[in-house]
Amino acid sequence: MQLLVVGSRGSGSERHVVNVAGTATGAQLKLKVSTLTGVPTNKLLIFFVGGAELKDEATLGEQGVQNRERLEMRVGREAALPSSALAAAHASLSEIGTALAALEAELSEQQPVHQEHFTRLLERLDALDLQGLQQEDRAAVRPKRKALVLQTEQASERAKCLQETIR
């Protein structure tokens, strides 16, 4: 299928004819447009003229794109952050949660735990990079991080109390 992708950047407008199969996905169309324009795919938004944004994961045919259709290209904020950044944030939170659970298990068995372990967990939570995440992803990660900080601080206090009773 042949599509006309139009848009404006800077001082002028652009028109690109793109040849793709109807079974191509929105992401594959973005990649072709990115190759023509030099705009990174994560900053490229493609819409039906005056309508909805094309979905990356669905095929063009599934989204109702017709041969010779005119689509609108917009360049904006990072539109599709690689899921690896969000996955990395969740993996870090999971690792920290697992380490904290192990420390809490030691505390529940009345085993003393050095404060340095809690300090390291808090440092890891503080160092968690959220800058590369979309606003909604940051909004999803922040409460989990905050809950882990609170849980770590509470476990640290229990460890201090246990240390005092042992002395």
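Residues numbered from 1 in each chain as written. Predicted model: local features only at pLDDT ≥ 70, side-chain atom pairs only at ≥ 80, totals over all residues. Heavy atoms only, no water.

**Student:** Explanation requested: helix α3 (residues 115-127) in the structure shown.
**Tutor:** Every α-helical turn comprises 3.6 residues, leaving residues that sit three or four positions apart pointing alike. With 13 residues, α3 extends 18 Å from end C-alpha to end C-alpha; this agrees with the ideal 18 Å at 1.5 Å per step. Looking at α3, one finds that the buried residues are Phe-118, Leu-121 and Leu-125. Buried residues in α3, looked at end-on, bunch into an arc of 60 degrees, giving them a common side. Residues Asp-126 and Ala-127 are exposed on α3 and point more than 90 degrees away from its buried face. (Helix = DSSP H or I, 4+ residues; strand = E, 2+ residues; numbered from the N terminus. Expected span 1.5 Å × (residues − 1). Buried < 20%, exposed > 50% of the residue type's maximum accessible area, 1.4 Å probe, protein only. Arc of directions from axis to C-beta.)

**Student:** Hey, could you run me through the packing of aromatic side chains in this one?
**Tutor:** Remark: the centre distance and the inter-plane angle together describe each pair of aromatic rings, the angle taken between the planes. Under the definition given, this model contains zero aromatic pairs. If you follow Arg-74 out to its NZ or CZ, it ends over the ring of Phe-47, 3.9 Å from the centre. (Phe/Tyr/Trp six-rings, centres within 6.5 Å; stacked < 30°, edge-to-face > 60°. Lys NZ or Arg CZ within 6 Å of the ring centre and 35° of its normal.)

**Student:** Honestly, the packing of α3 against helix α4 (residues 135-166) in this entry has me stumped. Any pointers?
**Tutor:** Each pair of packed helices gets described by two things: the angle between the helix axes and the distance between those axes. Direction vectors running N to C along α3 and α4 enclose 170 degrees, while the axes themselves pass 10 Å from each other. Taken together, the axes of α3 and α4 lie roughly antiparallel to each other. Along its contact with α3, which presents Gln-115, Phe-118, Leu-121, Leu-122, Leu-125 and Asp-126, the element α4 presents Arg-145, Leu-148, Val-149, Thr-152, Glu-153, Ala-155, Ser-156, Ala-159 and Lys-160. Counted by class, the contact of α3 with α4 contains eight nonpolar, three polar and four charged residues. (Axes fitted to C-alpha atoms, helices over the stretch in contact; angles between N-to-C directions. Parallel < 35°, antiparallel > 145°, perpendicular 65-115°, else oblique. Contact = heavy atoms within 4.5 Å. Nonpolar A, V, L, I, M, F, W, Y, C, P; charged D, E, K, R; others polar.)

**Student:** I keep staring at the pattern of salt bridges and nothing clicks. Help me out?
**Tutor:** Opposite charge on two side chains permits pairing when their charged atoms draw close. In total, this model carries six salt bridges according to the counting rule given. Of the charged contacts in the structure, one is a salt bridge between Asp-56 and Lys-30, with a shortest N-O distance of 3.1 Å. Of this pair, Asp-56 sits in the loop between β3 (44-48) and β4 (70-75) while Lys-30 sits in helix α1 (residues 26-37), and the two are 26 residues apart along the sequence. Across the salt bridge formed by Glu-116 and Arg-120, the nearest N and O atoms sit 3.5 Å from each other. Separated by four residues within a single helix, Glu-116 and Arg-120 lie in helix α3, roughly one turn from each other. The exposure class assigned to Arg-120 is partly exposed, which follows from its relative accessible area of 47%. (Salt bridge = Lys/Arg side-chain N within 4 Å of Asp/Glu carboxyl O.)

**Student:** Would you take a moment to explain unusual backbone geometry for this structure?
**Tutor:** Most peptide bonds take the trans form, and the phi angle of most residues other than glycine is negative. Phi is positive for Arg-68, close to 65 degrees, though the residue is something other than glycine. Even without glycine at this site, Gln-110 takes up a positive phi of about 65 degrees.

**Student:** Got a minute to help me understand the environment of Leu-128 in this structure?
**Tutor:** With respect to the element layout, Leu-128 can be found in the loop between α3 and α4. Separated by 36 residues in the primary sequence, Leu-128 and Ser-92 place their C-alpha atoms 7.6 Å from one another. Apart from residues no more than four positions distant in its own chain, Leu-128 is found in contact with Ala-89, Ser-92, Leu-93, Val-141 and Arg-145.

**Student:** Would you mind showing me how to read the side chain of Gln-63 here?
**Tutor:** Along the polypeptide, Gln-63 turns up in the loop between β3 and β4. Within the structure, the side chain of Gln-63 is placed 3.0 Å from the backbone oxygen of Ala-58, a separation counted as a polar contact. Setting aside anything within four residues of it in sequence, one finds Gln-63 in contact with Gly-26, Phe-48, Glu-53, Leu-54, Lys-55 and Ala-58. (Polar contact = N/O pair within 3.5 Å; in protein donor to acceptor, adjacent residues only side chain to side chain.)

Structural measurements only, silent on function.
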